[in-house]
Amino acid sequence: MSPRTAYRTCPFCEATCGLELTLDGDRVTRVRGDDDDVHSHGFLCPKATGVQALHDDPDRLRTPLVGGRPASWEEALAAVDDGLSRVLEAGGRDAVAVYLGNPSAHNLESMIYAPVMLKALGSRNLYSASTVDQRPKEVSSGLMFGAGLSVPVPDVDRCDHLLILGANPLASNGSLLTAPDMRGRLRAIRERGGKVVVFDPRRSRTAEEASEHHFIRPGTDALLLFALAHVLYAEGLTAPGRLAGLCAGLEEIEPLAAPFTPEAVAPACGIPAPEIRRVARELAGAQRAAVYGRIGTCTQEFGTLASWLVDVLNVLTGNLDRPGGAMFTRAAAGSRTAHDGDGRGRGVRLGRWRSRVRGLDETYGELPVACLAEEIDTPGEGQVRALITLAGNPALSTPNSGRLARALESLDFMVSVDIYVNETTRHADVILPGASPLEKPHYDLALYQLAVRNVANYSPPPLAPADGRPEWRTLLALAAIVAGQGPDADLGALDDMVAQEVARRQTSDPASPLSGQDPSALLDACPADRRGPERILDVMLRAGPHDLTLDALLAAPHGIDLGPLEPRLPGVLRTPSGKVELAPAPIVADVERLRAALARPVNGQVVLIGRRHLRSNNSWMHNLEPLVKGKDRCTMHVHPSDAARFELEDGAPARVSSAAGTVEVPVEVTEDVMAGVVSIPHGWGHDVDGVEMRVASAHAGTNSNVLADETLVDPLSGNAVLNGIPVELAPVRAAEPAPA
Ligand SMILES: Nc1nc2c(c(=O)[nH]1)N[C@H]1C(S)=C(S)[C@@H](COP(=O)(O)OP(=O)(O)OC[C@H]3O[C@@H](n4cnc5c(=O)[nH]c(N)nc54)[C@H](O)[C@@H]3O)O[C@H]1N2
Ligand SMILES: Nc1nc2c(c(=O)[nH]1)N[C@H]1C(S)=C(S)[C@@H](COP(=O)(O)OP(=O)(O)OC[C@H]3O[C@@H](n4cnc5c(=O)[nH]c(N)nc54)[C@H](O)[C@@H]3O)O[C@H]1N2
Ligand code: SF4
Ligand SMILES: [Mo]
């Protein structure tokens, strides 16, 4: 067979780069950036080669495992039916918990079919990686704009001033910001005479590329942002312009910001007051500016406040919803706010139920994953006794991993849909294998909702699934099982129901031109032989705002560019008032907690933060030799003054302890981290029994989330505090025993 070319969107991070793959039979022989991709224009990062390495990885699961042994799909699904049915019978719906991991948001099949399974299960114990990630931003956006995914995206290609807090897009390639080649885009800002300003406790790669970088003490972004707002008011620099008429609660911001003078926040933030004043003036003085915060501003104790203040500043400077500011994307498919209405909607309702043990609020149908271990290991009515994980590795990704590992081991039943036997799935009774990226169709239903341009790109699977079982059928089979239909339900009939329901939802959006039309007509418009995720995507595209069909995307293998972002206020809003809610009551009520933090002494305490590396992706790409080879990446960055203070030596192991646990990790002394802060990347620690990832085990590293304290959460979102964890440091001396 002669080599062929296939175009496929990279599924690994949020940048959604177009790849050009050369295939020889069922082997990938070359991975390149697709120069003609309408969004990435040939850009790619080293992780792209992971498509090939992952496909070929001998440790990647290709058959189901039952009790650790290869089994047929029939056996495996029967075992799942047996295990889940017992728990459901004994403990009811809430006794079965689900954890959805990050790759499920990059996966068309799980974006469509995981919710079907969740609905069929009807458990209140739903958890996901969102509550160790962006949930604070979804809470602030939901309260302000009426929908959790109405997250304003910095219009990086047209702004001339970008203020970045807690994001390192040169390593992460952007998050809640789908924009391939952020290095190029940031350089372009500077080349057109603009400025990039970064606040980060580390001199990150993004900080190095910026016009200026300020070290900021972890967890103090909300203080800084309030102080910036304070300066805008004090110096008469607020200029909301047309936004004044589109916002409710604008007048509440000035008194809220009053206590947060630059002088008041300076000691806590570690930033001199005159610098804060200058940054505020330059932000206000820029023609077109955007403030952008990401994981560093979310996974901290004031995550929702900081996320909210980012958009408050965008409003106060007149930059929300205008070109070069922070804008709302109009995605081609899957967005609840694709069509402009009159701005009014039901808004979001949070806290509809609470977690059983700690009483933390539900958000968007989920409980905080920081509660998962206690919901499993605390006896009583409603205790979790079974767990379904889908593309998640909570044993490495969520706080107090030590406790969670013990809890997972104690479950009556666990099933994982995953591609590896890893730190989490080793606890599962049954593992159902997901497919390789080459065996999956791809369309970024989630990430295109946050793209810096309106784009759409569909890639068909370059290869058929090796065992003929696409992941969506596995999810539908699980849905059938938890619905009590047993392991051999008619998945085709279920799929028809799902498609019908999607069509019904599309035609019941009052803002849609299809509102009130017959959903069956929408379904019937799709080619007759189209089924599964392709049919549903086709329905969504047809009902979407850009008049697309799947056939149109199939005819455009490099994607379709639907143009730059356009102003969308008030049509994008879904708030009861029809206005941007600038001072939502729950957020305003939380300001007092921030005020109290002003008085808190720092006193030489050391806090832990994380970091990301370009060649790594959370916990799960460490089994791919091309990506892990070279220098050890799981080290603790320590400032020279702290190294001296705690007698730590470069290259030697240190003992790090927190309220949750203790780890040992090699020290890397560097001035790239601020004094009083240490940094360890998350997602490592592969040297535990039962993991079947040979390469990863040889580059095991340390699990930093052993140190994360699950009792620390941002109260409004329940999001875990993973940055700014108080720790104690000591050298590991040869004679001391290792921690248990
Ligand atoms: N290569 C690679 N790319 C990835 C991932 C990966 O693991 N590797 N993961 C993907 C995922 S799931 C996500 S969510 C995104 C995340 O994307 P980003 O948010 O860009 O993530 P990071 O690169 O971790 O950058 C966060 C920065 O916040 C800083 N920081 C920590 N605490 C604070 C604080 O309190 N305040 C401030 N101002 N800064 C702070 C850290 O030093 C770090 O430089 O990346 C995605 N892309
Ligand atoms: N300390 C600290 N902790 C953090 C973070 C931090 O910055 N600091 N970041 C947090 C963030 S932003 C995130 S998103 C989470 C990530 O948390 P998780 O989503 O729990 O973890 P991942 O490492 O992404 O694990 C993904 C899992 O999916 C599997 N997988 C990969 N591809 C597929 C597929 O196609 N199908 C199936 N079925 N399975 C697949 C992998 O084998 C792996 O088990 O970690 C969080 N944890
Ligand atoms: S930047 Fe992200 S999407 Fe692009 S090639 Fe790298 S991992 Fe893939
Ligand atoms: Mo994430």
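Remember, predicted model here, so these are calculated numbers, not experimental data. (Residues numbered from 1 in each chain as written. Chains lettered and ligands numbered in written order. Predicted model: local features only at pLDDT ≥ 70, side-chain atom pairs only at ≥ 80, totals over all residues. Heavy atoms only, no water.)

Broken down by element type, the protein chain carries 26 helices and 26 strands. Pairs at least 24 residues apart make up 74% of the contacts formed inside the protein chain by residues separated by at least 6 positions. (Helix = DSSP H or I, 4+ residues; strand = E, 2+ residues; numbered from the N terminus. Contact = heavy atoms within 4.5 Å.)

Before going further, it helps to spend a moment on the side chain of Glu710. Take Glu710: it is sitting in the loop between α26 (694-698) and β26 (725-731). Its relative accessible area of 8% is what places Glu710 among the buried residues. Residue contacts for Glu710: discarding those within four places in its chain leaves Arg358, Ala370, Pro399, Asn400 and Arg403. (Buried < 20%, exposed > 50% of the residue type's maximum accessible area, 1.4 Å probe, protein only.)

Before going further, it helps to examine the domain arrangement of the protein chain. The extent of an interface is frequently quoted as the accessible surface area lost upon association of the parts. Splitting the protein chain by domain gives domain 1 (4-56), domain 2 (155-333), domain 3 (490-558) and domain 4 (603-731). On a C-alpha basis, the centroid separation for the pair domain 1 and domain 3 is 28 Å. (Domains from an automatic or database assignment.)

Next up on the list: the site of ligand 2. Residues in close proximity to ligand 2 total 28 residues, the closest being Tyr99, Asn102, Asp418, Lys440 and Ser619. Separating an oxygen atom of ligand 2 from a side-chain N or O atom of Asp418 is a distance of 2.5 Å. In this structure, His682 approaches ligand 2 through a side-chain N or O atom, which is 3.4 Å from a nitrogen atom. Surface burial for ligand 2 is 96%, taken as the share of its 920 Å² of free accessible area covered by protein chains. Secondary-structure elements contributing two or more residues to the shell around ligand 2 are α16 (394-397) and β16 (413-418). Split by residue class, the shell around ligand 2 holds twelve nonpolar, eleven polar and five charged. (Near = heavy atom within 4 Å. Polar contact = N/O pair within 3.5 Å; in protein donor to acceptor, adjacent residues only side chain to side chain. Areas by Shrake-Rupley, 256 points an atom, 1.4 Å probe, with all protein chains shown as cover. Nonpolar A, V, L, I, M, F, W, Y, C, P; charged D, E, K, R; others polar.)

Take the sheet that holds strand β3 (residues 27-33) next. Taken in spatial order, the three strands of this open sheet run β1-β2-β3, and their pairing is antiparallel. Lying at the two open borders of the sheet, with one neighbouring strand each, are β1 (4-9) and β3. Strand-to-strand twist of the sheet, defined as the mean angle between neighbouring strand axes without regard to direction, takes the value 30°. Both strand β2 (residues 18-24) and β3 contribute to a ladder of six bridges, which runs antiparallel. Directly across from Leu23, in β3, lies its bridge partner Val28. (Pairing = 2+ DSSP bridges. Axes fitted to C-alpha atoms, helices over the stretch in contact; angles between N-to-C directions.)

Right, let's get into the side chain of His230. Along the chain, His230 turns up in helix α8 (residues 221-234). His230 gets classed as buried once you look at its relative accessible area, which sits at 16%.

Our next topic: the sheet that holds strand β17 (residues 430-433). Taking strand neighbours across the sheet as the criterion, the seven strands line up as β5-β4-β17-β16-β15-β6-β7 in an open arrangement whose pairing is mixed. Taken across any chain shown, the strands that pair with only one partner, and hence form the sheet edges, are β5 (69-70) and β7 (126-128). Pairing geometry for strand β4 (residues 65-66) and β17, over two bridges, is antiparallel. Looking at β17, one finds that Val66 is bridged to Val430.

Taken together, 31 residues sit near ligand 1, with Ser172, Asp200, Asp221, Ser616 and Asn618 positioned nearest. Within the contact set of ligand 1, an oxygen atom lies 2.6 Å away from a side-chain nitrogen or oxygen of Asp200. Protein chains shield 98% of the accessible area of ligand 1, which is 920 Å² for the free molecule. At the level of elements, α5 (169-172) and α13 (295-298) are the ones that each hand at least two residues to the shell around ligand 1. Among the elements that take part in the shell around ligand 1, α5 stands out by supplying three residues, more than any other. Looking at the shell around ligand 1, its residues break down into eleven nonpolar, 13 polar and seven charged. Shared between two domains, the shell around ligand 1 holds at least three residues of each, these being domain 2 (155-333) and domain 4 (603-731).

Residues of β17 alternate between two faces, with Val430 and Leu432 on one and Ile431 and Pro433 on the opposite face, all of them buried. Note that β16 and β17 share four bridges and pair parallel. Following the sheet pairing, Val415 is matched in β17 by Val430.

The final tally for this structure, using the stated rule, is six aromatic pairs. Aromatic side chains Phe145 and Phe328 sit 5.1 Å apart centroid to centroid with 80° between the ring planes, which places their arrangement in the edge-to-face category. Residue Phe145 is located in helix α4 (residues 135-145), and its partner Phe328 is located in the loop between β14 (326-327) and α15 (372-377); the two are separated by 183 residues in the primary sequence. Accessibility classification places Phe145 together with Phe328 in one group, the buried group. (Phe/Tyr/Trp six-rings, centres within 6.5 Å; stacked < 30°, edge-to-face > 60°.)

Here we come to unusual backbone geometry. In this structure, the amide linkage connecting Leu569 to the following residue, Pro570, adopts the cis form with an omega of 0°. Counting through the fold element by element, Pro570 comes out in the loop between β19 (560-564) and β20 (580-581). Of note in this structure, Thr16 is not a glycine but carries a positive phi near 55°. When you line up the elements, Thr16 lands in the loop between β1 and β2. Look at Thr16 and you get buried, because its relative accessible area is 3%. Despite not being glycine, Tyr364 has its phi angle at roughly 50°, a positive value. Take Tyr364: it is sitting in the loop between β14 and α15. Overall, Tyr364 belongs to the partly exposed group, its relative accessible area being 27%.

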